[in-house]
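Residue-level structure breakdown
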Amino acid sequence: MRGQDPWKTPDPLGEALHFLRMTGAFYCRSELSEPWGLGMPQMEDCLWFHVVTTGRCRLAVDGAPPRSLVPGEFALVPHGLGHTLSSDAESSVDAPIVYDIPHDYVSDRYAVIRHGGGGVSTTMVCGAVRLDHPSAVQLIRSLPPLIVVESAPAPHLSWMHSTLGLVADEASALRPGGEAVITRLSDILVIQALRSWIEHDPAAESGWPGALRDPGVGPALALLHSDPEKQWTVASLATEVSMSRSAFSARFTSMVGESPMRYLARWRMQTAHDMLRSGDVTVSESARRCGYESEAAFARAFKRTIGVPPGSVRKRVELSMRP
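A brief look at the structure comes next. If you're wondering where the values come from, they're calculated on a predicted model, not measured in any experiment. (Residues numbered from 1 in each chain as written. Predicted model: local features only at pLDDT ≥ 70, side-chain atom pairs only at ≥ 80, totals over all residues. Heavy atoms only, no water.)

A word on the nonpolar core. Judged by nonpolar contacts, the single largest core of 49 residues is most densely connected at Phe74, Leu76 and Leu221. The residues touching Leu221, leaving out its near neighbours within four places in the chain, are Trp208, Ala211, Leu212, Phe252, Val256 and Tyr263. Among the nonpolar cores identified, the runner-up in size contains 26 residues, and Leu59, Leu85, Val98 and Ile101 belong to it. (Core = buried A, V, L, I, M, F, W, Y, C linked by side-chain atoms within 4.5 Å. Buried < 20%, exposed > 50% of the residue type's maximum accessible area, 1.4 Å probe, protein only. Contact = heavy atoms within 4.5 Å.)

Turning next to the pairing of strand E3 (residues 46-54). With eight of nine residues buried, E3 lies mostly within the body of the structure. Pairing analysis gives eight bridges linking E3 to strand E10 (residues 121-131), with the strands arranged antiparallel. Note that in E10 the partner of Leu47 across the bridge is Val129. Pairing geometry for E3 and strand E6 (residues 74-77), over four bridges, is antiparallel. Paired with Phe49 across the two strands is Leu76, which belongs to E6. (Helix = DSSP H or I, 4+ residues; strand = E, 2+ residues; numbered from the N terminus. Pairing = 2+ DSSP bridges.)

As a further point, take the packing of helix H9 (residues 260-278) against helix H11 (residues 295-306). The interhelical angle for the contact between H9 and H11, taken along N-to-C directions, is 95°, at an axis separation of 9 Å. Considering their axes alone, H9 and H11 lie roughly perpendicular with respect to each other. Note on element contacts: H11 touches H9 through Phe298, Ala301, Phe302, Thr305 and Ile306, opposite Arg266, Met269, Gln270, Ala272, His273 and Leu276. In the contact of H9 with H11, the residues fall into seven nonpolar, three polar and one charged. (Axes fitted to C-alpha atoms, helices over the stretch in contact; angles between N-to-C directions. Parallel < 35°, antiparallel > 145°, perpendicular 65-115°, else oblique. Nonpolar A, V, L, I, M, F, W, Y, C, P; charged D, E, K, R; others polar.)

Here's what the structure looks like:
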C-alpha cells in the first residue's frame, strides 16, 4: 500500500532520496546539427535533465550562468524552469519549443527528434520527470536552478559516469527495448545527481537539506515524517532529540523556515494528498493516518492547505480508474 512504506529509514536524508518516486513525463533522443536551438517549456513539479552523448551544447536557464555541456556530463534543471539548449548563443534566440518540432514516437513517452541546419552534429538524451511524494518535493524546492555533474574524474562520481556511458551506448542506435533502458537509466541518473549535490555541494549544508543532516532537527523531521498521526508537541519532539523546548523550537524554525507544528500540519496534508492520489485509501482513512479523529476537521485543514477538498482528489482518482 502506497500510504505506508515497509522500508522506512531512521536517516532523514536517506528517506528523502528513498521517496524520489519519479513519473516520466517526457523523454526524447535528439539528433541535432549546427546551427540549432531548442526551447524547453516550463513544466510545473518536474525536473528537466539533459545528457550529451556526442558533440556539445550550450544550456541557458534563468538564475544560473550559461553552461557548455559535453559528453560525460549530466545537467539537471530541478524546478522545471523553461530554458534553452543550442549550438551557440545566437541560435538560442527565438529557438523553437521542443514540442513544436516533429517527433517520431517510439512509445507513448519516448520520442526521437531531428533538428538543425545540417552542420556539425550533436546527439542528446533529454527528459522531464515528475516527483510526487512531499519529501521529494520539499527537497527539490531547496535545490539551485541548475545542477551539472561534470565529466572530470572523481571517485564519488565513477558510478554515475558509468551510467552515462550506458545511456550513450543505448542512444547511439535504438535497439529493441532501448527506450525502456534509457528511461530507467535516466531516472537513476537524476537520483545520483541529487545525491552528489547533497553530499558534496556546500550549498546543501543550509536550508532544508542542512536541516535533514542536523543532529537535532534531522531526527525530529524523521519522527514527523514516519509518524505523522502521533499527537506531537514541541515539548515531546524536543525530548526525543534531547534538547530544551526553546532551543529546539528556535533551531527548527531557523533551519526549516517554519515552526515545528506548522511544518507538521503542512506535512500531514501533503502526505494525505499523496495517499489520496494513489487511490489506496479513503478520505476517512487518510484522516486517521494523519492524526485526525474528526473527518470534518481534517477536510477543513486539507482544503486550507491544498486548496481543494479531499473528496475531490479521491473522486478524480476513482474517475481515472474507470474503464
